[in-house]
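Close look at the chain arrangement
Read off the chains here:
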Amino acid sequence: MHYFSVKTSFEVLASISVNLTSGWFGILVVSPGFFGIPADRYINLLITNLPFGIVGLLLSFWLTERKNYYDKR
């Protein structure tokens, strides 16, 4: 017995991934000005966290495309 369809699962995972990625980028952009982080620490934060944000964004794209694939079926 299936409780959720594959399309619904991809849709929920894509939505969660988009929200987490937008939060990640929001923290990277907003927190330095809000908390007064110096420029050298901001560059360090950006270098260490930007790849994770980009991977999350790519995962969001992939999940959304998979959802769209199941929409067409």
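These remarks concern the structure in this document. Since the model is a prediction, treat every value here as computed from it, not as a measurement. (Residues numbered from 1 in each chain as written. Predicted model: local features only at pLDDT ≥ 70, side-chain atom pairs only at ≥ 80, totals over all residues. Heavy atoms only, no water.)

In the contact formed by helix H1 (residues 6–35) and helix H2 (residues 39–72), the axes pass within 8 Å of each other and the chain directions differ by 160°. Here H1 lies roughly antiparallel to H2, going by the angle between them. Between H1 and H2 lies a crossing whose hand is left-handed. When grouped by side-chain class, the residues that make up the contact of H1 with H2 number 20 nonpolar, seven polar and five charged. (Axes fitted to C-alpha atoms, helices over the stretch in contact; angles between N-to-C directions. Helix = DSSP H or I, 4+ residues; strand = E, 2+ residues; numbered from the N terminus. Parallel < 35°, antiparallel > 145°, perpendicular 65-115°, else oblique. Left-handed = near helix turned anticlockwise from the far one by under 90°. Nonpolar A, V, L, I, M, F, W, Y, C, P; charged D, E, K, R; others polar.)

Here Asn19 is to be found in helix H1. Taking the relative accessible area as the measure of exposure, Asn19 reaches 54% and is therefore exposed. In this structure, the C-alpha to C-alpha distance between Asn19 and Gly56, residues 37 residues apart in sequence, is 9.8 Å. (Buried < 20%, exposed > 50% of the residue type's maximum accessible area, 1.4 Å probe, protein only.)

This part is about a nonpolar patch on the surface. A surface patch of nonpolar side chains, about 440 Å² in accessible area, is lined by Leu50, Ile54, Leu57, Leu58 and Phe61. Here Leu57 lies in helix H2. Classification of Leu57 as partly exposed rests on a relative accessible area of 35%. (Patch = residues over 30% accessible without salt bridge, like charges linked within 9 Å, V, L, I, M, F, W, Y side chains within 5 Å. Areas by Shrake-Rupley, 256 points an atom, 1.4 Å probe, with all protein chains shown as cover. Salt bridge = Lys/Arg side-chain N within 4 Å of Asp/Glu carboxyl O.)

Take H1 next. Given a rise of 1.5 Å per residue, 30 residues ought to cover 44 Å, and the 42 Å separating the end C-alpha atoms of H1 matches this to within 8%. Its axis deflected by about 30° at Val29, H1 carries its strongest bend there, up to four residues before the proline Pro32. Buried-residue contacts for H1 involve H2. Trailing H1 by a residue or two, Gly36 shows a phi angle of about 70°, which is positive. (Expected span 1.5 Å × (residues − 1). Bend = angle between axes of the 7 residues up to and from the residue. Contact = heavy atoms within 4.5 Å.)

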